Amino acid sequence: MNQDTEKKTSVSDVKDIKPKKLSDNGKNDAKPPFHLNLHIIFLSLIVITVAVIAFKLYKWNRGVPSDYDPNVQTDEFDVEALDSIIPLAPDKLEGHEDDGVTTILCLGNDPFSLNREDEHGLANQIAAKTGATVYNGSFTGTTISAAYQSYNDGFWMDALSLSYLAEGLCTGDFERILAAAYCSYDPDFVPTVEMLQNLDMNSVDVICIMYDGIDYIQKRPSDDPNNPTSIVAYTGALRTAIEAFQEAYPFIRIVVMSHTFCHSINEEGNFQNGDRADLGHGTLSHYLQKELDVTSDCGVSCIDNFYGSINEDNYQDYMTDYIHFNAAGQELLAQRFVDCIFPDKSEDK
């Protein structure tokens, strides 16, 4: 009895089991379960990453095609002038009566003093281009810095350096300056000092200062870190003069025109590139940077002639020798001054 029951039950159970569906060709179509293999995925990511890095490295190594042709001759140069043009603050004019005439006083050395009577002279060209009254207070061969910290009668040229001129113009005491002018063989020195003595500084609107690279050539220190107003340093004397003018005549706008490119002459009589030869206190570009620092500190304008006017690439068109300018060079400098300080009178307007 028990055995029959067990048999019936077994047959019934067998009938309940559904057979797997077969395809027409008799094969089993049931899909096997899908399993993700993490090792394969991880390996694939590594392969893809390495491939991307390799492609980027290959592309970087090839670089970008350049249009540069070393055989092309051009007069163009990619240099940006370091001009710093700062207007006079309106409050500096409070209490000052404007006479209605624009008056400019030029102080410096050879750029202004040579050809002073010629229509091509720098000061005369500034006058012609601006319509201003221009006084030329320059002295050939003089420097911004002094040779000695204290005045030495044996070196009278110091009395005609910038800091001493500023002192005379601010105090009205020209005794030492006039004595030095009489020591000179230059016939323009005494009349120039006398003109400065008689000049009414209250009528002056702009003081324009420009010296060539003579301080660099004479190996004067570019600065004195321990004494920023040392008059035997290029920037110390400049700072001393500017601050003296600002204290005595706050209503006068001060404009510094930097030196241009020039050469020095070594002991063998050969020219040395001023932007490459360090004569002991830096190259010409170093002196320019120090000059820019001083004018920025003092809040006055600086026109960069080293990069913006007469430079290493074009100096042969504008200079007569290693440091002096021809008529075209003086015209270029005058136009730069007008473009920067009197843009309303610029030829490019």
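Attention in this report is confined to the structure presented alongside it. Keep in mind that this is a model prediction, so the values were computed, not measured. (Residues numbered from 1 in each chain as written. Predicted model: local features only at pLDDT ≥ 70, side-chain atom pairs only at ≥ 80, totals over all residues. Heavy atoms only, no water.)

### Let's talk about the overall build of the protein
We count it as follows: A helix here means a DSSP run of H or I that spans at least four residues, while a strand means a run of E at least two residues long, and both kinds are numbered starting from the N terminus. The rule is simple: take the accessible area with a 1.4 Å probe, protein chains only, and divide by the maximum for that residue type; under 20% is buried, over 50% is exposed, in between is partly exposed. Accessibility throughout is a Shrake-Rupley quantity obtained with a 1.4 Å probe, and a residue counts as covered only by protein chains that appear here.
Each helix and strand counted, the protein has 13 helices and seven strands in total. Here the protein holds 349 residues, and the buried ones make up 40% of them. Carbon and sulfur atoms provide 51% of the accessible area of the protein, an area that totals close to 20600 Å².

### Quick notes on the packing of aromatic side chains
Stated formally: Pairing of aromatic rings covers Phe, Tyr and the six-membered ring of Trp, with a centre-to-centre limit of 6.5 Å; geometry is then stacked below 30 degrees between planes, edge-to-face above 60, and tilted otherwise.
Under the defined criterion, the tally for this structure stands at 10 aromatic pairs. Among the aromatic residues, those joined into a cluster by ring pairs are Tyr216, Tyr234 and Tyr287.

### A few points about the environment of serine 163
Where we set the bar: Should any heavy atoms of two residues lie within 4.5 Å, those residues are counted as being in contact.
Looking at the secondary structure, you find serine 163 in helix H5 (residues 162-171). According to the relative accessible area criterion, serine 163 is buried, its value standing at 8%. For serine 163 and alanine 241, which are 78 residues apart along the polypeptide, the C-alpha to C-alpha distance reads 4.8 Å. Sequence-distant contacts of serine 163, defined by excluding residues within four places in its chain, comprise Ile144, Ile231, Ala237, Thr240 and Ala241.

### Brief notes about the sheet that holds strand S1 (residues 103-108)
Note the cut-off: Each pair of strands is called paired provided DSSP finds at least two bridges between the two strands. Note on geometry: axes are lines fitted to C-alpha atoms, helical ones only across the stretch in contact, with angles between N-to-C directions running from 0 to 180 degrees.
Read from one edge of the open sheet, five strands run S2-S1-S3-S4-S7, paired in parallel fashion. Two strands in the sheet have a free side with no partner beyond their single neighbour: strand S2 (133-138) and strand S7 (301-303). Between one strand axis and the next, the sheet turns through 20 degrees on average, direction left out of account. Direction of pairing for S1 relative to strand S3 (residues 206-210): parallel, over a ladder of five bridges. Its bridge partner being in S3, leucine 105 is matched across the sheet by isoleucine 207.

### Describing the pairing of strand S4 (residues 253-257)
For S4, the tally of buried residues reaches five of five residues, placing the bulk of the element in the interior. On S4, burial covers both faces: Arg253, Val255 and Met257 on one face and Ile254 and Val256 on the other are all buried. Pairing between S3 and S4: five bridges, direction parallel. Directly across from valine 206, in S4, lies its bridge partner arginine 253. By the bridge criterion, three bridges tie S4 to S7 in an arrangement that is parallel. Across the sheet, the residue bridging to valine 255 is serine 301, located in S7.

### What about H5?
Of all 10 residues that make up H5, seven are buried, and the element is covered over most of its length. Among all positions in H5, only Leu162, Ser163, Tyr164, Leu165, Ala166, Gly168 and Leu169 are buried. Of the surrounding elements, those touching the buried residues of H5 are S1, S2, helix H6 (175-183), helix H7 (189-198), S3 and helix H9 (234-248). Once H5 ends, the next one or two residues include glycine 172, with phi positive near 85 degrees.

### Overview of the pattern of salt bridges
Condition: We define a salt bridge as a side-chain nitrogen of Lys or Arg found within 4 Å of a carboxyl oxygen belonging to Asp or Glu.
In total, this model carries six salt bridges according to the counting rule given. The shortest N-O distance in the salt bridge between arginine 116 and aspartate 188 comes to 3.7 Å. Taken together, the residues arginine 116 in the loop between helix H3 (110-113) and helix H4 (122-130) and aspartate 188 in the loop between H6 and H7 connect sequence positions 72 residues apart. Two residues, aspartate 223 and lysine 290, come together in a salt bridge whose shortest N-O distance is 3.2 Å. Highlighted residues: aspartate 223 in the loop between helix H8 (214-217) and H9 and lysine 290 in helix H10 (residues 284-298), separated in sequence by 67 residues.

### Some remarks on unusual backbone geometry
Residue asparagine 115 is not a glycine yet carries a positive backbone phi of 60 degrees. Here asparagine 115 lies in the loop between H3 and H4. Take asparagine 115: its relative accessible area is 39%, and that puts it in the partly exposed class. Positive phi outside glycine occurs at lysine 219, with the angle close to 60 degrees. Among the structural elements, lysine 219 can be located in the loop between H8 and H9.

### Description of a nonpolar patch on the surface
What counts is decided by this rule: Every patch collects residues that have over 30% relative accessible area and no salt bridge, joining them within 9 Å if they carry like charges and within 5 Å if they are nonpolar side chains (Val, Leu, Ile, Met, Phe, Trp, Tyr).
Residues Leu38, Ile41 and Leu45 make up a contiguous nonpolar surface patch of about 310 Å² in total accessible area. Considering the arrangement of structural elements, one finds leucine 38 in helix H2 (residues 38-62). Its relative accessible area of 64% is what places leucine 38 among the exposed residues.

### Remarks on the side chain of asparagine 136
What counts is decided by this rule: Any N or O atom pair separated by 3.5 Å or less is treated as a polar contact, with the protein-specific requirement of one donor-capable and one acceptor-capable atom, and with residues adjacent in sequence counted only for side-chain atom pairs.
Mapped onto the fold, asparagine 136 is located in strand S2. Here the side chain of asparagine 136 touches phenylalanine 112 through a polar contact of 3.0 Å, landing on its backbone oxygen. Separated by 2.6 Å, the side chains of asparagine 136 and serine 138 make a polar contact. Once residues within four sequence positions are removed from consideration, asparagine 136 is found in contact with Cys106, Phe112, Arg116, Ala123, Thr192 and Met195.

### Re the packing of H5 against H9
Which entries qualify depends on this criterion: To sort the angles, those under 35 degrees are grouped as roughly parallel, those over 145 as roughly antiparallel, those from 65 to 115 as roughly perpendicular, and the leftovers as oblique. By definition, turning the near helix anticlockwise from the far helix through less than a right angle yields a left-handed crossing, and turning it clockwise yields a right-handed one. Classification convention: Asp, Glu, Lys, Arg as charged; Ala, Val, Leu, Ile, Met, Phe, Trp, Tyr, Cys, Pro as nonpolar; all other residues, Gly among them, as polar.
The interhelical angle for the contact between H5 and H9, taken along N-to-C directions, is 10 degrees, at an axis separation of 8 Å. The pairing of H5 with H9 is recorded here as roughly parallel in orientation. With respect to the hand of their crossing, H5 and H9 are arranged in left-handed fashion. Across from Leu162, Ser163, Ala166, Leu169 and Cys170 in H5, the residues of H9 making contact are Ala237, Leu238, Thr240, Ala241, Ala244, Phe245 and Ala248. Tallied by class, residues from the contact of H5 with H9 come to 10 nonpolar, two polar and no charged.

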